Amino acid sequence: MEERLHGILWHWGLTPGDIRTDIELTGSPERSLSRVVVETDRGLVILEQVPEEWVERKQRIASTLQALVDHGLGNVHPYLPPGVSAPVGSTEHLLRLGGNYWQLRPFVAGHLLPRPAYSFDEWRGVCMADFLMDLRTCAESAKTKLPNQPVFNLKEYAFEILPKMERRSPGIIDALAGLRAHLTPFWRDVYPRLPRTFCHGDFHPVNVIWGDKRIESVIDWEFCGPKVEGYDAALLLGCLGYEDPDHLLGEMAIACVKTLRGAGVFTALTWESLPELVMAIRFGWLREWIWRGEADALELELAFLDVLIRNADNLRDHWRR
């Protein structure tokens, strides 16, 4: 392995040392075939092996992050381009070596997220809101440099995924009858009118490396791209509420909402429909639990959706203040 690391990292101009198996990586391990933290002569790095079918997607994400950082976005650590005699088949941010593809990024240290106590920290909500505002500004500035990709259509996704979920989990369509009825006017009258903007796409506390009352780095950009305004905020609120519905009105959630509202970031239509946007985004999580066969998580999700439906107006009132 040591000889292999030398052969890989040489293309980044790095000399490897020990593999740090003692360091627990944050973010999803499903985004790569393997990933390890390696000591080098220039600090710790994360080396990821990427399947060939994901190369185009990974390159798009890497180019996106670089463009955002080039236009002023902080708290992001883009992938490092291989700069020394990259073999044929390599891309700007991926090394092709021996039929395998590799990516490299700096390792950023942080504090373990205290769960569920983190949802009571106002400062985390402010930090996440500030990041979303910076992301929006920098993405607008960088829009001519961002890779082209279609706007993610959440409505099409939800309608397309329903019959697929039913085939894997018979009865799920009936179980979602209340949600479907509640969202019908949202899909018909509101969703087509929501503004579109660039989003992280998976913006929740686990995808943040936390420092001392600050964000050190935002990770896992696999789903970034143009989406409806408010998507990231709604996803964050949904993740907080799934852990405990009381967290929807907890210190972190309210601080995030108040910071965004105070800055006038979203349109009135987005704020008015925020509870419904939270519900709509949960279709992705429903799919996740069904595909993984996680019956307990699915049961908890259905209960959470019922809480959202019954309390939509109350949440709307609190989030618009």
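Our subject is the structure listed above.
Residues numbered from 1 in each chain as written. Predicted model: local features only at pLDDT ≥ 70, side-chain atom pairs only at ≥ 80, totals over all residues. Heavy atoms only, no water.

(A) Structural context of the overall build of the chain. Across its full length, the chain holds 12 helices and 9 strands. Taken over C-alpha atoms, the radius of gyration comes to 21 Å for the chain, in line with the 20 Å a tight globule of 321 residues would show. Counting only C-alpha atoms, the chain reaches 60 × 45 × 40 Å along its principal axes. Restricting to contacts in the chain with at least 6 residues of sequence separation, those with at least 24 account for 74%. About 14900 Å² of surface is accessible on the chain, with carbon and sulfur atoms providing 51% of the total. Here the chain holds 35 positive side-chain charges and 45 negative ones, and the gap between their average locations is 5 Å. (Helix = DSSP H or I, 4+ residues; strand = E, 2+ residues; numbered from the N terminus. Rg over C-alpha atoms; globule rule 2.2 N^0.38 Å. Contact = heavy atoms within 4.5 Å. Areas by Shrake-Rupley, 256 points an atom, 1.4 Å probe, with all protein chains shown as cover. Lys, Arg positive; Asp, Glu negative; His and termini not counted. Charge placed at Lys NZ, Arg CZ, Asp CG, Glu CD.)

(B) A look at the pattern of salt bridges. Taken as a whole and assessed by the stated rule, the structure comprises 20 salt bridges. Across the pair aspartate 22 and arginine 20 runs a salt bridge whose closest N-O atoms are separated by 2.8 Å. For aspartate 22, a relative accessible area of 55% puts it in the exposed group. Two residues, aspartate 317 and arginine 320, come together in a salt bridge whose shortest N-O distance is 2.6 Å. Among the residues examined, arginine 320 registers a relative accessible area of 34% and is labelled partly exposed. Several salt bridges share partner residues, and in doing so they unite Arg20, Asp22 and Glu39 into one network. (Salt bridge = Lys/Arg side-chain N within 4 Å of Asp/Glu carboxyl O. Buried < 20%, exposed > 50% of the residue type's maximum accessible area, 1.4 Å probe, protein only.)

(C) Looking closely at the state of the cysteines. Evaluated as defined, the whole model comprises 0 disulfides. In this model cysteine 138 remains outside any disulfide bridge; the closest cysteine sulfur is found in cysteine 224, 14 Å from its own. No disulfide involves cysteine 256; its sulfur sits 10 Å from the nearest other cysteine sulfur, which is in cysteine 127. Cysteine 256 gets classed as buried once you look at its relative accessible area, which sits at 2%. (Disulfide = S-S within 2.5 Å.)

(D) Representation of helix α4 (residues 154-168). The end-to-end C-alpha separation of α4 is 21 Å, in line with the 21 Å expected for 15 residues at 1.5 Å each. Of all the bends in α4, the greatest reaches close to 30° and is centred on leucine 162; the proline proline 163 follows between one and four positions later. Those residues of α4 that sit buried are Leu154, Ala158, Ile161, Leu162 and Met165. In this fold, the buried residues of α4 make contact with α5 (172-175), α6 (177-190), α7 (231-243) and α10 (274-292). Between the side-chain oxygen of the N-cap and the backbone nitrogen of lysine 155 there are 3.1 Å, and the N-cap of α4 in question is asparagine 153. (Expected span 1.5 Å × (residues − 1). Bend = angle between axes of the 7 residues up to and from the residue. Polar contact = N/O pair within 3.5 Å; in protein donor to acceptor, adjacent residues only side chain to side chain.)

(E) Representation of the nonpolar core within the structure. If you look at the biggest cluster of nonpolar residues, it comprises 84 residues, and the most contacted ones within it are Trp221, Leu260 and Phe283. Residue contributions to this core peak at 11 residues, all from α10. For phenylalanine 283, the contacting residues outside a window of four places in its chain are Tyr157, Ala158, Ile161, Leu162, Met165, Leu176, Leu179, Leu183 and Trp187. Of all hydrophobic cores here, the second largest spans 11 residues; its members include Leu5, Leu9, Trp102 and Leu104. (Core = buried A, V, L, I, M, F, W, Y, C linked by side-chain atoms within 4.5 Å.)

(F) Spatial organisation of the pairing of strand β3 (residues 43-50). Within β3, 6 of the 8 residues are buried, leaving the element largely enclosed by the surrounding structure. Note that strand β2 (residues 34-40) and β3 share 7 bridges and pair antiparallel. Across the sheet, the residue bridging to glutamate 39 is leucine 44, located in β3. Turn length for the β2-β3 hairpin, with the two strands adjacent in sequence and antiparallel, is 2 residues. Of the pairings in the sheet, the one linking β3 to strand β5 (residues 100-106) comprises 6 bridges and is antiparallel in character. The residue of β5 that forms the bridge with isoleucine 46 is arginine 105. (Pairing = 2+ DSSP bridges.)

(G) Region of the structure containing the environment of threonine 21. Within the element layout of this structure, threonine 21 appears in the loop between β1 (16-19) and β2. According to the relative accessible area criterion, threonine 21 is exposed, its value standing at 73%. When the C-alpha atoms of threonine 21 and aspartate 317 are compared, they prove to be 48 Å apart, with 296 residues separating the residues in sequence.

(H) Inspection of the pairing of β2 at higher detail. When β1 meets β2, the two strands line up antiparallel, connected through 2 bridges. Looking across to β2, one finds that isoleucine 19 is bridged to valine 38.

(I) How the structure looks around the sheet that holds β5. Strand order in the open sheet made by the 5 strands is β1-β2-β3-β5-β4, with antiparallel pairing throughout. Pairing within the sheet leaves two strands with one partner each, and these edge strands are β1 and β4 (95-97). With direction set aside, neighbouring strand axes in the sheet form an average angle of 35°. (Axes fitted to C-alpha atoms, helices over the stretch in contact; angles between N-to-C directions.)

(J) Structural detail: unusual backbone geometry. In this structure, the amide linkage connecting arginine 115 to the following residue, proline 116, adopts the cis form with an omega of 5°. In this structure, proline 116 sits in the loop between β5 and α3 (122-141). Backbone geometry at lysine 213 places phi at a positive 55°, although glycine is not the residue there. Along the chain, lysine 213 falls in the loop between β7 (208-210) and β8 (215-218). For lysine 213, a relative accessible area of 63% corresponds to the exposed category.

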